[in-house]
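Residue-level structure breakdown
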Amino acid sequence: FRAYSRPLAELLHFINKYSNNVMTRNLLLALGAEAYGAPGTVEKGRRAISDWLTLQDLGAAQLRVDNGSGLSRQAQVSALTLARVLLKAWHSELMPEFVSTLPLSALDGTLRKRFKKTDLQGKLHMKTGLLNGVRSIAGFMRTRSGRDLVVVSLQNEQGVENHTGTRVQDALLTWLFEQ
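Read on for a plain summary of the structure. (Residues numbered from 1 in each chain as written. Predicted model: local features only at pLDDT ≥ 70, side-chain atom pairs only at ≥ 80, totals over all residues. Heavy atoms only, no water.)

**Examining the pattern of salt bridges**
Under the definition given, this model contains eight salt bridges. Across the pair Asp66 and Arg46 runs a salt bridge whose closest N-O atoms are separated by 3.4 Å. Of this pair, Asp66 sits in the loop between strand 1 (63–64) and strand 2 (76–77) while Arg46 sits in helix 3 (residues 42–55), and the two are 20 residues apart along the sequence. Using a relative accessible area of 26% as the deciding quantity, one classes Arg46 as partly exposed. The partner of Arg144 in a salt bridge is Asp119, with the nearest N and O atoms 2.4 Å apart. Separated by 25 residues along the polypeptide, Arg144 in the loop between strand 4 (134–142) and strand 5 (148–156) and Asp119 in the loop between helix 5 (95–99) and strand 3 (124–131) bring together distant segments of the chain. (Salt bridge = Lys/Arg side-chain N within 4 Å of Asp/Glu carboxyl O. Helix = DSSP H or I, 4+ residues; strand = E, 2+ residues; numbered from the N terminus. Buried < 20%, exposed > 50% of the residue type's maximum accessible area, 1.4 Å probe, protein only.)

Dropping the structure here:
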């Protein structure tokens, strides 16, 4: 059976803005099927991502994909690899479409409640992540001086998923904004 979906840019809006992990897993399966033939499998999807990262010289050895969503104890990525992928996206001809899928600080998605009534409102396009003992945020920011930055913050520590990790991220992002 074959079904056709909405355009990828439209689907990424739901995946990234609202952390739709089921859609992310389906995207992993679709990538595997596209690269290596139907049916799509998690292993084919992992291989498709690894092959693309290697082709782009982005350090595939620093990435372990589990189920596609990142919501897994087995998923791993280094901050450097993630930053390199984001830089690649920033310099892509499809950058505007991709960036628009990321939550916008104080306005929508998983960042809609963060940075309200601060100078960071509307200045961050970032994806968040949360597991017990893990808190992450990564994406793009425009500083007060107008510089565009790629920012990756990956925190691994028991209890960091509570307010401590958010406070550290907020302090880092506020400091970077002023640079």
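**Brief notes about the nonpolar core**
Membership of the largest hydrophobic core is limited to 12 residues, which are Leu111, Phe115, Leu120, Leu124, Met126, Ile137, Met141, Leu149, Val151, Leu173, Leu176 and Phe177. The set of elements that each furnish at least two residues to this core consists of strand 3, strand 4, strand 5 and helix 6 (163–178). With three residues, the single largest contributor to this core is helix 6. Other than its neighbours up to four places away in sequence, Phe115 contacts Ser105, Ala106, Leu120, Gln121, Leu124, Asp170 and Leu173. Formed by five residues, the second largest nonpolar core is a distinct cluster that contains Leu86, Val99, Leu102 and Ala138. (Core = buried A, V, L, I, M, F, W, Y, C linked by side-chain atoms within 4.5 Å. Contact = heavy atoms within 4.5 Å.)

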